[in-house]
Amino acid sequence: MGLAWLVAAAVAAVLASWALNVLVYLVWRPYAITRKLRAQGLRGPGYNFFVGNLGEIKRLRADAAGVALDVNDHDFIPMVQPHFRKWIPLYGRTFVYWTGARPTVCMGDVNVVKQVLSDRTGLYPKNLMNPHIARLLGKGLVLTDGEEWKRHRRVVHPAFNMDKIKMMTATMSGCARSMISEWESQLMMGSNKTQVVEVDVSSRFEELTADVISHTAFGSSYVEGKKVFLAQRELQFLAFSTVFDVQVPGFRYLPTEKNLKTWKLDRKASSAPEEQGKTPALMSLDEIIDECKTFFFAGHDTTSHLLTWTSFLLSTHPEWQERLREEVRCEGGDDDDTVARTGDALNKLKLVNMFLLETLRLYAPVSLINRKTSADLEVGGVKVPEGTILTIPIATIHRDKEVWGEDAGEFRPERFENGVARAAKHPNALLSFFEWAQVVHRAELRDGRGKGRGRHDAAAEVLDGAVTQNLMKAIATTRTVTVR
Ligand code: HEM
């Protein structure tokens, strides 16, 4: 009897201490942090118990979900980031809001973004809080930090060697050409005398970029790896559907419907390659699989979305179609082999590059990225506690009139005429690609001031350039491709 009481008392003590910790985390801490931040002038919407501001974000997004944009209106922020549109005028470019019970600082000021993204000492690591996204990418480059990131980077680096990327141009060009040939056959086959064909470019580009990645990174084709790709894509949709859910610790281990589905898809997407015995010592087989998933995730939707928006903007700007078509013709665009051999011809396509950069600005495939503070740190002149999420609202910054000028909302590739660094009031305002250093590299390249080029954006640019060039050739025919 005495022992039973003792056990019961111990259990009660553990439960009470756990309940107290939960209460401190969900009630006292948000209150104390809000007071400290307000005292330093950092404002924001108030904390709501447990959900923070996630309820309001979901509501604002749901309200905007049915809105259709006019084709000449590029402002999708009210649909994609309506909370930033609402809160920035109220609280300024840098403000605090709550992701559940976690303080989140929105960094809408490019100078503050620079402070965080240019840090190389590990003060602002990536934010791994969402377990669904962590499962989607595992320990691939996108989510790793510090020594682990360096080890992965060492192994993956050779794949981004500029000469290797240039060699891949032939493959990319081939994939694009075979897609265009398909469109042309569709035109030929149609009994339609007006020779008009409707192509759902968005899904075609998704297949195209999956095909390019399959060929260049995995040495197979989209068709061969289709089952794995589809599983990975479904996993991606599931992961992103949870972005605005409160993440409860331990919840990911419960056999909920979503978790069961995620586990099943993950097993499919992680089907091991056949040569299991040949695992190189630098990375385990699981890590290699995670890196493959990362490559597929990072390089697939990003490039296909960019291509879709590029086609859309070409279709709504016929005068630019004409200019780009002319440039492609003049710079040896008819000689497929030149491009296929080295990809060097793509560097000469100045107008095509300007067009792609402006598309990347207004329709950045990655509209937001997150980091977190590894300790109590000063961010934009305000001391924020360890574990604070730092949100960089790329799409919102790309439309900031103070940064890009009064015409920030307009599609004007001319702004990139003198290079990325001179397109806005801040030299590093174009945030579409990830690393600060690489943004600088790209700026140097465009300004003709240096030889460096970020390997990551070089890869994406070569792919987009190769495809856009082929696209321009297709559009150069007298027939019509309707973009929908
Ligand atoms: C238009 C095309 C692309 C855009 C806009 C884009 C954008 C981005 C952004 C914003 C990040 C940073 C994420 C973060 O730090 O939180 C990132 C990371 C990454 N991307 Fe891309 N990406 C594109 C194409 C590609 C392609 C084609 C590949 C490879 C096949 C690729 C591979 C990666 C990798 C490996 C990382 C992680 C890098 C690291 O942390 O070291 N991306 N990308």
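The structure displayed is predicted, hence computed values, not measured ones.

**Some points on helix α10 (residues 226–240)**
Taking 1.5 Å per residue as the helical rise, α10 with its 15 residues ought to reach 21 Å, and the 21 Å between its terminal C-alpha atoms agrees with that figure. Taken together, the buried positions of α10 are Phe229, Gln232, Leu235, Gln236 and Ala239. Angular distribution of buried residues about the axis of α10 spans 120°; they occupy a single face of the element. For α10, the exposed residues lying more than 90 degrees away from the buried face are Lys227 and Phe237. Check the buried side of α10 and you find it contacts α6 (131–137), α9 (201–218), α11 (257–269) and α12 (285–316).

**Some thoughts on α11**
Its 13 residues place the ends of α11 18 Å apart at the C-alpha level, agreeing with the 18 Å of an ideal helix rising 1.5 Å per residue. Tucked inside the fold, the buried residues of α11 contact α6, α10 and α12.

**Some points on the UniProt feature "transmembrane region" (unreviewed entry) in the protein chain**
Feature annotation in UniProt places "transmembrane region" (unreviewed entry) on residues 6–28, given in this structure's numbering. Between the first and last C-alpha atoms of residues 6–28 the distance is 31 Å; the span itself is 100% helix and 0% strand.

**Points about unusual backbone geometry**
Excluding glycine, residues mostly have negative phi values, and the peptide bonds linking residues are mostly trans. Even without a glycine there, the phi angle at Phe50 is positive, about 70°. Mapped onto the elements, Phe50 comes out in the loop between α1 (2–39) and α2 (54–64).

**Description of the packing of α9 against α12**
The description of two helices packed together rests on the angle between their axes and the distance between the axes. Relative orientation of the contacting elements α9 and α12 amounts to 140°, with a least axis distance of 8 Å. Our classification of the angle between α9 and α12 gives oblique. In the crossing of α9 with α12, the sense of the turn from one axis to the other is right-handed. Counting all contacts with α9, which are made through Val201, Ser202, Phe205, Glu206, Leu208, Thr209, Ala210, Ile213, Ala217 and Phe218, the residues of α12 involved are Cys292, Phe295, Phe296, Gly299, His300, Thr303, Ser304, Leu307, Thr308 and Ser311. Here the residues of the contact of α9 with α12 are counted per class, giving 11 nonpolar, 8 polar and 1 charged.

**Details of the pairing of strand β2 (residues 102–107)**
Of all 6 residues making up β2, 6 are buried, and the element is well covered by its neighbours. A two-sided burial pattern is seen for β2, the buried positions comprising Arg102, Thr104 and Cys106 on one face and Pro103, Val105 and Met107 on the other. Bridge count between strand β1 (residues 94–99) and β2: 6 bridges; the pairing is antiparallel. Bridged to Thr99 within β2 is Arg102.

**Focus: the packing of α2 against helix α4 (residues 82–91)**
For the pair α2 and α4, the least separation of the axes is 8 Å and the interaxial angle reads 115°. Our classification of the angle between α2 and α4 gives roughly perpendicular. Every residue of α4 that contacts α2 at Glu56, Ile57, Leu60, Arg61 and Ala64 is listed here: Pro82, His83 and Lys86. Classifying every residue of the contact of α2 with α4 by side-chain character gives 4 nonpolar, 1 polar and 3 charged.

Calculation criteria
- Residues numbered from 1 in each chain as written.
- Predicted model: local features only at pLDDT ≥ 70, side-chain atom pairs only at ≥ 80, totals over all residues.
- Helix = DSSP H or I, 4+ residues; strand = E, 2+ residues; numbered from the N terminus.
- Expected span 1.5 Å × (residues − 1).
- Buried ≥ 20, exposed ≤ 12 C-beta atoms within 10 Å, placed from the backbone.
- Arc of directions from axis to C-beta.
- Contact = placed C-beta atoms within 7 Å.
- UniProt positions renumbered as here; feature names shortened; annotations may be inferred.
- Axes fitted to C-alpha atoms, helices over the stretch in contact; angles between N-to-C directions.
- Parallel < 35°, antiparallel > 145°, perpendicular 65-115°, else oblique.
- Left-handed = near helix turned anticlockwise from the far one by under 90°.
- Nonpolar A, V, L, I, M, F, W, Y, C, P; charged D, E, K, R; others polar.
- Pairing = 2+ DSSP bridges.

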